[in-house]
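If you want the building blocks of each chain, they are given just below.
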Amino acid sequence: MADLMSKGTPRALVLRAAGTNCDRETVHALELAGAVVESIHVNALSRDPSILEGVGLVAFPGGFTFGDDVASGAVLAHIIEQRLRPQLQRFVDRGGLVIGICNGFQVLVRLGLLPGGEGRGALLWNQSGRFEDRWVYLTSGSEESPWFAPGQRYFMPVAHSEGRFEWFPDQPGQEFPTEQVAFSYCNEDQSAASYPDDPNGSHRSIAGMISADGKVLGMMPHPERFVRPEHHPSWMRIRPDGAIPLEEQLPVPLGLSIFRRAVDHLKTHQGDLVGEGGTR
Amino acid sequence: MSLTYTVTILHDLDPNPSPDHDLREALMAVGCSPDEGDLLASDPVFYLRVPEQDADRVEALAQQFLAGSPACRAVVHPGVTMPPRDEGQAAIVVQRRPGVMDPVSQSVIHAMSESGFVSSRCQVRTARRYRIGGIETNVPMLEGLASRLGNGIVDEWRSFSGGEEEQVPDPFREFPSHSQGRVEIPLIEASEEELVAISVDGGLSLDLAEMQAIRQHYIERGREPSEIELETIAQTWSEHCCHKTLTGAIRHGDLRYGNLLQETIFQATRQLDLPWCWSIFRDNAGVIGIDEEWGVSFKVETHNHPSALEPYGGAGTGIGGVIRDTLGTGVGARPILNTDVFCFAPADTAAEDLPTGTLHPRRLLRGVVAGVRDYGNRMGIPTANGAIHFHPGFVGNPLVFCGSVGLMRREHVDKEVHPGDLVVAVGGKTGRDGIHGATFSSRELTEDSEQDSSGAVQIGNPLEEKKVLDAMMRIRDENLCRSVTDCGAGGFSSAVGEMGEETGAEIHLDRAPLKYPGLGPTEVWISEAQERMVFAVEPSKLGRIQEILLEEEVECAVLGEFRDDGKLRLLHHDQLVGELDVKFLHGGRPSQERVSIPPEPKPLIKAEVDHLDAQQLLCTLLADGNVASKEPVIRQYDHEVQGRMTLRPLAGADRDAPMDGCALDPLRDGSHQVVVSCGLTLGMGEVDPYQMACHSVDEALRNCIASGGSLERAALLDNYAWGDVKDPAILGQIVECSRGAADAALAYGTPFISGKDSLHNTYRAGGVSRSIPPVLLVSAISITKGPLRVPGSDLKEAGSSMMLIGPEGAIPGSLMQWLHGGGGGIPAPFDGELGPRLLQQVRQWIVAGQLRSLHDLSDGGLAVAAAEMAFGGGGIGLDLDIGALGADRNRSLFGEGPHRFLAEVRDTDVERITADAEAVGIPLTCIGRSVVEPTLIIRHGLDRCIESGVGELKQIWKRSLEAIWPTS
């Protein structure tokens, strides 16, 4: 398993395709979190899928892959389905961590990796009918995971037009897996939000979903856009002297904390990953 | 043998469907307000043509990919047939005209090839079927709706009443092809009248003197020009490419200019001679240094006429075009910020006030914003600075400015072309897009409206440009290219012409990848198809470039090579269709001296405001589009992507208060900040164009300082937008504007580094040609070291002193004046001595943390600025007294002028700041305090002339633009 680490440092892959556009800041966030990161085009990974065996984390960044033509994430999900599905499944099965942000979340849902299990989800047009960029408060889900502490308040920007999560049970009356809610939109005091604090009108105000084992996370908000205190949209109001606040002076954790927790998880759980290990 | 299928996607499994917003907007526009229970659906339609052997793959593709979600289902029909509608439902089908770019179809073909289709033998076209249920419809109403859902320039449509089956024109019908080969134009024997006729009929826009110079050149060569040669000369000599008016000779009263821009704006930059200006006025954008290693490029372009015809496509290709300017700066800069500034007629313009054939400003605004949104967001570039102005003078001719900032290393700033380098076309295919009205070979085809119209507008494909961007950054970082430029106006003719200006080139036009067969060589050469770049490549490096392009899914073609004999040779299937001498092409244009009329001061016409009290005036201003909150627009742009923003366009307690500019951390390490802002003083242009230019420079720089910038390293861009420059009075305004811009730039020590002019912005109304109001947009970019220091415009706490910084404003040129029927007079003067001193001092106060909040005074003056500061305070109010500012209450409240800010200062800092201001001679007046009560009170002595809840004022300020983009 030593191959998944570079001198004890977890390795991460940021997967990009035509129209991906949050790849570089996602690389930056993972690097700040302490990972060794490689950005790779889906065509290059398709030529050598064994690259997946050498990493502990795969990120599907935001963007408009293939212009979101037909539907958000549709073409990239189709390409992965046709070329990389088994390899990606093996990666997940051996305990690799996956994060899909915005368009990446849309791809994971389209592939059925999220929510996984019985029933399916879909990310549909916002109730407002348009693209919106705004900062929103989130409450994290009820279960411990490698990605977040339960019940915590976060603050991050969303920027999407197709982020309304809907749930489609296989059977009528099937229960919704509430423990798989990763993030839900809320007000500043974590009470239930309505538009615009809930920007898209999702089922149960869902902003993100996580797999039953906690390894695969998908979310519409962008944690990679809040990796320094001055990314806070009104940081000028935090300190009386008007200077940029220190991280611990922020009223909310950085979005970076999500990446840090995942990278720390890989550091401490490196022996738990099952599989052959990579050749790289 | 091919088979045709129609796949219709029905979103009827969505548990929480929302009505189609475009359809609802269109219904409202025809005077029909839909009820809750009415059906407003839109079904994506895919027409597939596949080889027989792939027929059994269609159903799986339709369900798994084209539907692909539990929220919808696909219905597959053989032929061009859609699933039946429920009883009573009317329908409208909108599809692209033949030959018009359909980006979605390319993505579908990509997916088909993944699924094993023989994609080279597949064709896809897309459409949208709108269904309307529960609403009474009739044929004229449906046609009215259709014309709002589609745009006749690029779309065709059919409408169907309840029970009527959809029958649409064959979506796969071919685009007719036409003439090929060399066409000669008889010029040598032509009379003066004939020369003019040749220029007019060919849409060449060359005047008689220019045509005579061309005739003389061909007489010397002893042959007639070919069509493609004449087109190339016309493109190269066009206003758009060589800016002949602004770089021409002008006699202006007692002043004589050999080259107006050279002797005003460029001269100021030369005089300042700053070492951090790395590239000025010579490349596709200006470039300034961040430090020794990194720099930023900046360019702002206009795309007015295409946006007036087809706002969505026009604005999208506007932003797409300026992003390519960034990609084509040096050997490529990485775009890190977009800006946009629009000028429209007021959104409530009455239909009868619209010139015939023009779109309503509300529709233009929605279309333009959607175009910038969809192109900018898909490119992954934050759109975070801009402005929207409204004035009745833009009713027939809106202005759409799009800007782009790029990041690059110093080593990538310079480029060169060597003889023997390959000419490589990269990116999108070439089609008939953007070919002007009539070339000689297609003249007879202009009868055919399809031909004519599909050429008039370019359709953008941001996905293509994003792929080009990704590939280019890799090619640049591996140093594989010697020179790069973008294909903009004039297409290959301008791009290759510019790159080969010193060398010449040989180009095989048949090698360009085409969207559809049948383009003649001239069309290939001048097509303005989007998303194309031209590289100059050393032959040994071609292989690696092709490898990168293949992985990034970008097409390329080697068109030819650069030469060493100064000849531009154009071939088509080995036939020589044109041969031009590059010396004549770039140096043969005759110059003429133009005479301008220097503008006279305009007599003051008093604004009709006596019947309005100060409170009413403030409310009118806050509700006016020029001042009203731009939040509904800003939110539609991704202004955070790339994770660099440190000051966003909206901030404050509720993150909805307007900041004066934006700032970003270019290297993502806190070591430097790039601050971007703009200035456009619309009302000032008609009053005094010299002052307008000074005021615009000043406003851009005040915004820049208030956003955390510094004069130490700040640079400017100029964008002229004017009416008919053949009118000597208008030319006189331009001269005055250029003088003012140069004087202000020198005063501030801030060089202009790039610019662009858009002239001939005229429209016909009531049988007369009218010009737009004079506009100079000034954009500013500043670099500062270390983390951002910026107070923001939002009030921070109650109990602070409110300090008015700077001299008095004036009513002439103010928004209040022209909004209420006034005009003329003497505007508040620009002070070249005070301005820099004042901005440097304000910067020092910001760095020392002595300003809690700071806002520049612009449209609407002090009263509007005070209100806007309170909008960000989260409930803090203001209690101000303007009694000390003079007897003219309206002038103190709403007057405008340069060098003015309102600042919030802690009581403990007031003494220090007052002493500083006195020491350097800056006007500074304490006009009141921030207070706990959420109320804006402005007293004029004993008269409480304004007293209103901040929340109520904020609602007035917010709702004007919200009404244009309703969310429910």
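Note that the structure is a prediction, hence the values are computed from the model and not measured.

Engineer: Teacher, can you tell me more about the environment of Asn151 of chain B here?
Structural biologist: Residues and elements named next belong to chain B. Within the fold, Asn151 resides in the loop between helix 4 (139-149) and strand 6 (155-160). For the pair Asn151 and Ile507, spaced 356 residues apart in the sequence, the C-alpha separation amounts to 36 Å. If sequence neighbours within four positions are ignored, Asn151 has contacts with Trp157, Leu309, Glu310 and Pro311.

Engineer: What's the story with the sheet that holds strand 29 (residues 752-758) of chain B in this structure? I'm lost.
Structural biologist: Residue and element names in this part refer to chain B. Ordered in space as 23-26-27-32-28-29, the six strands form an open sheet in which the pairing is mixed. Looking at strand neighbours, the two that pair on one side only are strand 23 (645-647) and strand 29, the edges of this open sheet. Averaged over neighbouring strand pairs, the angle between their axes works out to 20° when direction is ignored. Relative to strand 32 (residues 775-785), strand 27 (residues 672-679) runs antiparallel, the two sharing eight bridges. Directly across from Val675, in strand 32, lies its bridge partner Ser782.

Engineer: Explanation requested: unusual backbone geometry in the structure shown.
Structural biologist: The bulk of non-glycine residues show a negative phi, and the bulk of peptide bonds are trans. Across the junction of Leu114 of chain A and Pro115 of chain A, the peptide omega takes the value -5°, indicating a cis bond. Looking at the secondary structure, you find Pro115 of chain A in the loop between helix 5 (103-111) and strand 6 (120-124). At the junction of Tyr195 of chain A and Pro196 of chain A, the peptide bond is cis and its omega measures out at 5° in the coordinates. In this fold, Pro196 of chain A is placed in the loop between strand 10 (181-186) and strand 11 (206-210). We note that Phe66 of chain A has phi near 50°; this positive angle belongs to a residue other than glycine. One can find Phe66 of chain A in the loop between strand 4 (57-60) and helix 3 (74-83). Positive phi values are uncommon outside glycine, yet Glu531 of chain B reaches one of about 60°. Here Glu531 of chain B lies in the loop between helix 17 (521-526) and strand 18 (532-537).

Engineer: Looking at this structure, I do not really get the side chain of Asp916 of chain B. What am I missing?
Structural biologist: Mapped onto the elements, Asp916 of chain B comes out in helix 29 (residues 907-920). Among the polar contacts made by the side chain of Asp916 of chain B, one reaches the side chain of Trp845 of chain B at a distance of 2.9 Å.

Engineer: Looking at this model, I keep getting lost on the interface of chain A and chain B. Mind explaining?
Structural biologist: Frequently, the measure chosen for interface size is the accessible area that the parts lose on association. Listed per partner, the contact involves 65 residues of chain A and 79 residues of chain B. Carbon and sulfur atoms make up 50% of the surface buried where chain A meets chain B, a total of about 5,800 Å² over both sides. Area buried by chain A at its contact with chain B is led by Arg130, Met236 and Arg237 of chain A, which between them contribute 12% of it. Our count for the chain A to chain B interface comes out at nine salt bridges. For Arg237 of chain A, the salt bridge goes to Asp794 of chain B, with nearest N and O atoms at 2.7 Å. On the surface where chain A and chain B come into contact, there are 36 residue pairs in polar contact (both at pLDDT 80 or more).

Engineer: What should I look at first to understand the packing of helix 2 (residues 58-67) of chain B against helix 3 (residues 103-114) of chain B in this one?
Structural biologist: Residue and element names in this part refer to chain B. At a closest axis distance of 11 Å, the pairing of helix 2 and helix 3 adopts a crossing angle of 125°. By the criterion of interaxial angle, the relationship of helix 2 to helix 3 is oblique. For helix 2 against helix 3, the interelement crossing comes out right-handed. Where helix 2 abuts helix 3, its residues Leu61, Phe65 and Leu66 lie against Val108, Ala111 and Met112. Of the residues belonging to the contact of helix 2 with helix 3, the class tally is six nonpolar, no polar and no charged.

Engineer: Hey, could you run me through the sheet that holds strand 18 of chain B in this one?
Structural biologist: The strands that make up a sheet pair up through hydrogen bonds in the backbone, lying either parallel or antiparallel. All names here are of chain B. Taken in spatial order, the seven strands of this open sheet run 16-18-15-19-17-20-21, and their pairing is mixed. Both edges of this open sheet fall to strand 16 (483-486) and strand 21 (575-581), since each of them pairs with a single strand only. Each strand axis lies, on average, 20° off the axis of its neighbour in the sheet, ignoring direction. Strands in contact with helix 12 (residues 311-327) are strand 16 and strand 18; relative to strand 16, the strand with the most contacts, it is inclined by about 170°. In the packing of helix 16 (residues 491-499) onto the sheet, contacts are made with strand 15 (422-427), strand 16, strand 17 (504-508), strand 18, strand 19 (556-562) and strand 20 (567-572), and the angle to strand 18 comes to roughly 30°.

Basis of the calculations
- All residue numbers here refer to positions counted from 1 along the written sequence of the relevant chain.
- The lettering of chains begins at A and the numbering of ligands begins at 1, in the order of writing.
- Local features in this predicted model are restricted to residues whose pLDDT is 70 or higher, and side-chain atom pairs enter the listing and the counts only when it is 80 or higher, whereas totals over whole chains, interfaces and linings include all residues.
- Each side-chain value is worked out from all heavy atoms of the structure, with water and hydrogens disregarded.
- Only DSSP runs of H or I with at least four residues qualify as helices, and only runs of E with at least two residues qualify as strands; both kinds are numbered from the N terminus onward.
- Two residues form a contact once any of their heavy atoms are found within 4.5 Å.
- Two strands pair under a simple rule: DSSP has to find at least two bridges between them.
- To obtain an axis, a line is fitted to C-alpha atoms, over the contacting stretch when the element is a helix, and the angle between two such axes runs from 0 to 180 degrees between their N-to-C directions.
- Whenever a nitrogen or oxygen atom comes within 3.5 Å of another N or O atom, the pair is scored as a polar contact, on the condition that within protein one atom can donate a hydrogen and the other can accept it, and that pairs from neighbouring residues in sequence are kept only if both atoms are in side chains.
- Buried area is calculated as the accessible area (1.4 Å probe) missing from two parts once they are joined, with the contributions of both summed.
- Here, a salt bridge means any Lys or Arg side-chain nitrogen found within 4 Å of an Asp or Glu carboxyl oxygen.
- Each angle gets one of four labels, with under 35 degrees taken as roughly parallel, over 145 as roughly antiparallel, 65 to 115 as roughly perpendicular, and the rest as oblique.
- In this scheme the crossing of two helices becomes right-handed for a clockwise turn of the near helix relative to the far one and left-handed for an anticlockwise turn of less than a right angle.
- Gly is placed with the polar residues, together with every amino acid not listed as nonpolar (Ala, Val, Leu, Ile, Met, Phe, Trp, Tyr, Cys and Pro) or charged (Asp, Glu, Lys and Arg).

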